[in-house]
Amino acid sequence: MPDIHVLNGPNLNLLGSREPAVYGTTTLAQIEASLRAKASTRGFGVVFRQSNHEGDLVQWIQEAGAVGAPVILNAAGYTHTSIALADAIMGSGARVIEVHLSNVHGREEFRRHSFISAVAEGVILGFGPKSYDLALDVLMSGGEKNGNS
Ligand code: CA2
């Protein structure tokens, strides 16, 4: 199995330093360390990336799709705006699990729509860093599609 790609969108580099009431105190580096440790116990490698630029995320999704690597994607603010990311997922055939730290459905109205959800295999949200963990569990257990797509 190829490495599991964990792709993070804009402002997630600020995790742990601002807005702890919404996003908690765990930093992105801590999430990365925890995922790497957990994945390695099962012999999986992790490619962990963050960018504030939409094109980087498009490129990384395409790269993952090209090598058949599964993706855990927190597209952050681009979740709610980016047709380009949805196109990259569809066009590259990448297997994507969408994750969010917060329960976006309990927040502002504009966060309730995701351009990613319709092209993702599944969505995990609202569990803080555990959202990433749960997605990793699905991928490491070889979780299959549920037939919805
Ligand atoms: O809950 C999530 O994981 C989000 O993807 C986080 C995004 C937000 O736009 C989505 O609606 C939900 C925001 C990431 C920005 O993270 C910050 C962390 C600390 C301080 C400021 C922003």
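Residues numbered from 1 in each chain as written. Predicted model: local features only at pLDDT ≥ 70, side-chain atom pairs only at ≥ 80, totals over all residues. Heavy atoms only, no water.

(A) Just the site of the ligand, in detail. Surrounding the ligand, one finds 17 residues, the nearest of these being Asn 74, His 80, Leu 101, Ser 102 and Arg 111. The side chain of Asn 74 places a nitrogen or oxygen atom 2.8 Å from an oxygen atom of the ligand. One of the backbone N or O atoms of Leu 101 is found 2.7 Å from an oxygen atom in the ligand. Here the ligand has 510 Å² of accessible area as a free molecule, and 94% of this is covered by the chains. Classifying every residue of the shell around the ligand by side-chain character gives eight nonpolar, six polar and three charged. (Near = heavy atom within 4 Å. Polar contact = N/O pair within 3.5 Å; in protein donor to acceptor, adjacent residues only side chain to side chain. Areas by Shrake-Rupley, 256 points an atom, 1.4 Å probe, with all protein chains shown as cover. Nonpolar A, V, L, I, M, F, W, Y, C, P; charged D, E, K, R; others polar.)

(B) Spotlight on the pattern of salt bridges. Under the criterion given, the structure shown has eight salt bridges. Asp 137 serves as the salt-bridge partner of Lys 38, at 2.8 Å between the closest nitrogen and oxygen. On the criterion of sequence distance, the pair formed by Lys 38 in helix α2 (residues 28–41) and Asp 137 in helix α5 (residues 130–140) is long-range, its members being 99 residues apart. For Asp 137, a relative accessible area of 29% gives the class partly exposed. Arg 95 is the salt-bridge partner of Glu 121, the closest N and O atoms lying 2.7 Å from each other. Taken together, the residues span a long stretch of sequence, with Glu 121 in the loop between β4 (96–100) and β5 (122–125) and Arg 95 in the loop between α4 (83–92) and β4 at a distance of 26 residues. You can call Arg 95 partly exposed: its relative accessible area is 26%. Overlapping salt bridges bring together Lys 38, Asp 133 and Asp 137 as one network. (Salt bridge = Lys/Arg side-chain N within 4 Å of Asp/Glu carboxyl O. Helix = DSSP H or I, 4+ residues; strand = E, 2+ residues; numbered from the N terminus. Buried < 20%, exposed > 50% of the residue type's maximum accessible area, 1.4 Å probe, protein only.)

(C) Representation of the confidence of the model for the protein chain in the model. Summary statistics for the protein chain give a mean pLDDT of 95 and a share of 95% for residues scoring 70 or more. Confidence, read as mean pLDDT per element, is least for helix α1 (residues 20–23) in the protein chain (90) and greatest for strand β1 (residues 4–8) (99). (pLDDT = per-residue confidence, 0-100.)

(D) Fine view of the packing of helix α3 (residues 54–67) against α4. One can describe the packing of α3 onto α4 by two numbers: an axis separation of 9 Å at closest approach and a directional angle of 10 degrees. If you check the angle between α3 and α4, you find them roughly parallel. The two elements α3 and α4 cross, and the hand of that crossing is right-handed. Seen from α3, the contacting residues are Glu 54, Leu 57, Val 58, Ile 61, Gln 62 and Gly 65; seen from α4, they are Ala 84, Leu 85, Ala 88, Ile 89 and Ser 92. Split by residue class, the contact of α3 with α4 holds seven nonpolar, three polar and one charged. (Axes fitted to C-alpha atoms, helices over the stretch in contact; angles between N-to-C directions. Parallel < 35°, antiparallel > 145°, perpendicular 65-115°, else oblique. Left-handed = near helix turned anticlockwise from the far one by under 90°. Contact = heavy atoms within 4.5 Å.)

(E) Structural detail: the nonpolar core. The biggest cluster of nonpolar side chains holds 22 residues, and the ones touching the most others in it are Ile 4, Val 6, Ile 31, Ile 72 and Tyr 132. At the level of elements, β1, α2, β2 (46–50), β4 and α5 are the ones that each hand at least two residues to this core. If one sorts the elements of this core by residue count, α5 sits on top with five residues. Formed by 18 residues, the second largest nonpolar core is a distinct cluster that contains Ile 61, Val 71, Ala 75 and Leu 85. (Core = buried A, V, L, I, M, F, W, Y, C linked by side-chain atoms within 4.5 Å.)

(F) Examining the packing of α2 against α5 more closely. One way to put it is that α2 packs onto α5 with a least axis distance of 11 Å and a crossing angle of 25 degrees. Taken together, the axes of α2 and α5 lie roughly parallel to each other. Both α2 and α5 take part in a crossing whose hand is right-handed. Across the interface between the two elements, Leu 28, Ile 31, Ser 34, Leu 35, Lys 38 and Ala 39 from α2 touch Tyr 132, Asp 133, Leu 136, Asp 137 and Met 140 from α5.

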